[in-house]
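As a plain string of letters, each chain reads:
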Amino acid sequence: MSPDDHAYAPSARAKNIETGVTIVPSVCPHDCTSTCALDVERLNSKRIGRVRGSMRNDYTAGVICEKVARYAERIHHPDRLMTPLRRVGPKGSKQFAEISWADALDIVAEQFLAKARQHGSETVWPYYYAGTMGLVQRDGINRLRHAMKYSRYFSTICVTLSDTGWIAGVGAKRGADVREVDAHSELVVIWGGNPVNTQVNVMTHAMRAKKRGAKLVVVDPYRTGTAEQADIHLAVRPGTDGALAVAVMHVLFKEGFADWDYMRRYTDAPDELAAHVATRTPEWASKITGLAVEEIVAFARLYGQTKASFIRCHHGFSRSRNGAANMHAVTSLPAVTGAWQYKGGGALYGHTGMYPINRTLIEGLDVVDSSIRELDQSRLGPILTGDHEALKNGPPVTALLIQNTNPAMVCPELELVHKGFRREDLFTCVHEQFLTETAAFADIVLPATMFLEHDDFYTASGHTFFQVTKAVIEPPGECRENHYVIAELAKRLGAQHRGFDMTPWEIMDETLKHSGMWDAETNWKKGGQDFHLGFETSHFLDGFAWPDKKYRFKPDWAAYGPRGKDMPSLPDHFDVTDNATADKPFRMVAAPARTFLNSTFTETPSSQKREVRPTVMMNPEDCAALGFVEGERLEIGNERGKTIVRCRPKAGQQKGVVVVEGIWPNRNFETGMGINALTSADPGWPHGGAVFHDTAVWIRKPA
């Protein structure tokens, strides 16, 4: 890999041994598909030093991101919450008084019971996401939900669209192993992601292949750090990836690169697909994507001529109203060329479908009442402001328990989210590590542990290891793990499930044994259990994960939701995006920043120093036409909201495309409202999913 200041190989390990610092294994818990194996310097029972990638996992391969390498800066931050708090001022004022744990939990339980008596149990909505990806500490909240018959949870903010698009064709969430790329891939295509910012390990393996002579292609609307290292960058317009993919198929069929023998054996409708894409020419796609015809043809020929071509499908290009259709179209490419047949060929989106983990004990799946309504996580704003459709025509949400997420910053339609949080009839308990903008709206705030302070276990999506961890240091102050909060509330609420009476380690151990996996202690000692399925199965050479074992060029979209009937039956451009108009001439992508991870790490000084301030990247020709200059204050907005950002002319994206990196805290914007004031809570097709990169906006000089 080329030198980069966010990548840390374990070069200091010898020094650590010489100085006598204890090195303790752990696993990164954050919302990233890498789930890196870590080596942590434990200075004493309460403090850590440096964090490094571990060599015990050959996907992590000793490399981790800058953010986690400096984790001591976060875990020992002076602003960490240390005691429970009770609100004494207006919501959002950050006026709190300290309170005991017992009193805080009593208040929460009393409020939940009172709200349920008034409106029914569905009025309470436990709300969470991926501040930790550990299965016990993240997902245990569902055990309380199901035991108490609180509103169920439709998790849509990250992977609903991408999961649907991949599984619609392949049949299961698994694929080829990225580790094959190192020695075998002749072409690596990173599609719709920026792993330099978000998943550095992909770059580790891609750059090993590139050093060996493989070509690297990046498909992304702007010139990311990943695109800077590519041989070819295809800067498509946001939401047009499906058009590019089917135009590539057009060339593959027309010029003889389609593998008919493979398709006859492994796919459902190759003749229909060939006839369909015959009209989807590069000229047609050029008008939609903004790419030159020559770019499309050159990429198609490169892909078609290269047997061992590997596509790493990322989440970014699916975060659009047509995201599932786009993912399916891209996923169809290796099925046309038969790239799955070759080591270093095929594709990967994620591996989580391969783990045999039984989540019943963790989540209380044995007490689920399917008649209870299921509310969409991404539609928090409409839900909290009384939208009857979003509420499924049920009672209002009047009580929230929030863990592992910061919706007052990360949810779409922030104006509605904040309006809802200010409701006087809404009781909110937030279990957090810092006084986030969500916690500022809370009635009760509870101090939470970080991953090095509790036990847990982790699936991965980017690799095939299942990993168990133990606490490395003691929690500071009065911080308590998520499981403690859930179990203590269960006692007060009268919730019945044996998982509430078990420790996290007991839940982990029983779950693993029941799932036919290594027990917790064995997994921890061995550094993780590898569930790699072998070449033939991971490349679907024994059949795709459907009863007929064939890849589906023609998915049954209607099976995923009623809006599936509106989707194209074969790979295509599905034109349902928030297209630019005369009033809103720009298409905005709200992409991840390098040293933030959603709302995490926004509090650390090194991240703040590197990111500087919220900016909008614009094509220099757009800036010149509008008279915008570097660093100028610009107002960006649409019918949902507006905010102020600074101008940054940047080559490498098309005219009419703008990019605002990072989820900066609302406090970093002059308006007090962040970029998600502009993004929509509309659900993607066919059955929901957040559309953060599908936003039309205007940009102008402030009045």
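Our structure's up above, just so we're on the same page.
Owing to the predicted nature of the structure, the values given are computational and were not obtained by experimental measurement.

## A few points about the overall build of the chain
If you tally the helices and strands in the chain, you get 28 helices and 25 strands. At 25 Å, the chain has a C-alpha radius of gyration in line with the 27 Å of a compact globule built from 703 residues. Each of the three principal axes of the chain carries a C-alpha extent, and together these read 70 × 60 × 55 Å. The buried share among the 703 residues of the chain stands at 65%. Restricting to contacts in the chain with at least 6 residues of sequence separation, those with at least 24 account for 75%. Within the structure as shown, the chain displays about 24,200 Å² of accessible surface, and the carbon and sulfur contribution to it stands at 50%.

## What to know about the sheet that holds strand β9 (residues 215-219)
Read across the open sheet, the five strands follow the order β10-β9-β8-β11-β12; overall the sheet is parallel. Of all strands in the sheet, those bounded by a partner on one side alone are β10 (232-234) and β12 (346-348). For this sheet, the mean angle separating the axes of adjacent strands, direction not counted, is 15 degrees. Sheet topology note: the strand β8 (residues 187-191)/β9 ladder contains five bridges and is parallel. When the sheet's bridge partners are listed, Trp191 is paired in β9 with Val219. Packing of helix α12 (residues 241-254) onto the sheet brings it into contact with β8, β9 and β10, and relative to β8 it is tilted by some 150 degrees.

## Some remarks on the pairing of β9
Counting buried residues in β9 gives four out of five residues, a clear majority hidden from the surface. Examined bridge by bridge, β9 and β10 share three bridges and lie parallel to one another. Bridging across to β10, Val217 finds its partner in Ile232.

## Let's talk about the state of the cysteines
Across all of its chains, the model carries zero disulfides by this definition. Free cysteine: Cys411, not disulfide-bonded; nearest cysteine sulfur from Cys158 at 13 Å. Note on Cys411: relative accessible area 1%, which makes it buried.

## Focus on the sheet that holds strand β21 (residues 615-618)
The mixed closed barrel is built from six strands, whose spatial order is β20-β24-β21-β23-β22-β25. Pairs of neighbouring strands in the sheet enclose a mean axial angle of 45 degrees, with direction left out of account. Sheet analysis places strand β20 (residues 586-589) next to strand β24 (residues 657-659), joined by three bridges and oriented parallel. Its bridge partner lying in β24, Arg587 is registered against Val657.

## Thoughts on the environment of Thr503
When you line up the elements, Thr503 lands in the loop between α23 (482-493) and α24 (504-514). Its relative accessible area of 37% is what places Thr503 among the partly exposed residues. For the pair Thr503 and His483, spaced 20 residues apart in sequence, the C-alpha separation works out to 8.1 Å.

## As for helix α7 (residues 160-170)
For an α-helix, 3.6 residues make a turn, and residues three or four places apart therefore share a direction. Across the eleven residues that make up α7, a large majority, ten, are buried. Buried residues along α7 sit against β7 (152-154), β11 (309-313), α17 (323-331) and β12. Of the residues flanking the end of α7, it is Gly171, one or two places downstream, whose phi is positive at about 105 degrees.

## Comments concerning the packing of aromatic side chains
Evaluation of the coordinates by the stated rule reveals 28 aromatic pairs. Where Phe540 meets Phe544, the ring centres are 4.7 Å apart and the plane angle is 15 degrees; that geometry is what we call stacked. There is no split in this pair, since Phe540 and Phe544 are both buried. Taken together, Trp166, Trp340, Tyr349, Phe540, Phe544, Tyr551 and Phe553 form an aromatic cluster joined through their ring pairs. Directly above the aromatic system of Trp524 lies the positively charged group of Lys470, at a separation of 4.0 Å from the ring centroid. Arg480 extends its terminal NZ or CZ atom over the ring of Tyr484, reaching a point 5.9 Å from the ring centre.

## Some points on the nonpolar core
Note on soluble globular proteins: their nonpolar side chains tend to be buried together. In this structure, Leu144, Phe421, Ile636 and Ile699 are the most contacted members of the largest nonpolar core, which totals 81 residues. Ranked by residues supplied to this core, first place goes to helix α4 (residues 101-119) with six residues. Within the second largest apolar cluster, 73 residues are counted, among which are Leu187, Ala245, Phe299 and Phe317.

## As for the packing of helix α6 (residues 141-148) against α23
Helix-helix packing is described using two parameters, namely the angle between the two axes and the distance between the axes. The geometry of α6 relative to α23 is characterised by a closest axis approach of 9 Å and an angle of 15 degrees between their N-to-C directions. In terms of axis orientation, α6 runs roughly parallel to α23. Handedness of the α6/α23 crossing: left-handed. Only His483, Ile486, Leu489, Ala490 and Leu493 of α23 make contact with α6, whose side of the interface consists of Ile141, Arg143, Leu144 and Met148. When grouped by side-chain class, the residues that make up the contact of α6 with α23 number seven nonpolar, one polar and one charged.

## Considerations on the packing of α7 against α17
Relative to each other, α7 and α17 sit at 40 degrees, their axes nearing to 7 Å. As judged from the angle between their axes, α7 and α17 are oblique. α7 and α17 meet at a crossing whose hand is right-handed. On the side of α7, the interface is formed by Leu161, Ser162, Thr164, Gly165, Trp166, Ala168, Gly169 and Val170, while α17 contributes Ala324, Met327, His328 and Thr331.

## Digging into the pattern of salt bridges
All told, the structure shown has 43 salt bridges when counted by the stated rule. A salt bridge links Asp530 to Arg179; the nearest nitrogen and oxygen atoms lie 3.3 Å apart. Separated by 351 residues along the polypeptide, Asp530 in strand β19 (residues 529-530) and Arg179 in the loop between α7 and α8 (181-184) bring together distant segments of the chain. We classify Asp530 as partly exposed; its relative accessible area is 35%. Residue Lys525 pairs with Glu521 through a salt bridge whose shortest N-O separation is 4.0 Å. Residue Lys525 and its partner Glu521 are both found in helix α25 (residues 520-526); the two are separated by four residues, about one turn of the helix. Bridged by salt links that share partners, the residues Asp58, Asp177, Arg179 and Asp530 form one connected network.

## Quick notes on the side chain of Ser538
With respect to the element layout, Ser538 can be found in helix α26 (residues 535-538). A distance of 2.8 Å separates a polar atom in the side chain of Ser538 from the backbone oxygen of Gly534. Within the local environment of Ser538, its side chain forms a polar contact with the backbone oxygen of Phe535, the two atoms lying 3.3 Å apart. When residues no more than four places from it in sequence are discounted, the contact partners of Ser538 are Arg174, Gly175, Ala176, Glu180, Trp340, His532 and Leu533.

The rules behind these values
Residues numbered from 1 in each chain as written. Predicted model: local features only at pLDDT ≥ 70, side-chain atom pairs only at ≥ 80, totals over all residues. Heavy atoms only, no water. Helix = DSSP H or I, 4+ residues; strand = E, 2+ residues; numbered from the N terminus. Rg over C-alpha atoms; globule rule 2.2 N^0.38 Å. Buried < 20%, exposed > 50% of the residue type's maximum accessible area, 1.4 Å probe, protein only. Contact = heavy atoms within 4.5 Å. Areas by Shrake-Rupley, 256 points an atom, 1.4 Å probe, with all protein chains shown as cover. Pairing = 2+ DSSP bridges. Axes fitted to C-alpha atoms, helices over the stretch in contact; angles between N-to-C directions. Disulfide = S-S within 2.5 Å. Phe/Tyr/Trp six-rings, centres within 6.5 Å; stacked < 30°, edge-to-face > 60°. Lys NZ or Arg CZ within 6 Å of the ring centre and 35° of its normal. Core = buried A, V, L, I, M, F, W, Y, C linked by side-chain atoms within 4.5 Å. Parallel < 35°, antiparallel > 145°, perpendicular 65-115°, else oblique. Left-handed = near helix turned anticlockwise from the far one by under 90°. Nonpolar A, V, L, I, M, F, W, Y, C, P; charged D, E, K, R; others polar. Salt bridge = Lys/Arg side-chain N within 4 Å of Asp/Glu carboxyl O. Polar contact = N/O pair within 3.5 Å; in protein donor to acceptor, adjacent residues only side chain to side chain.

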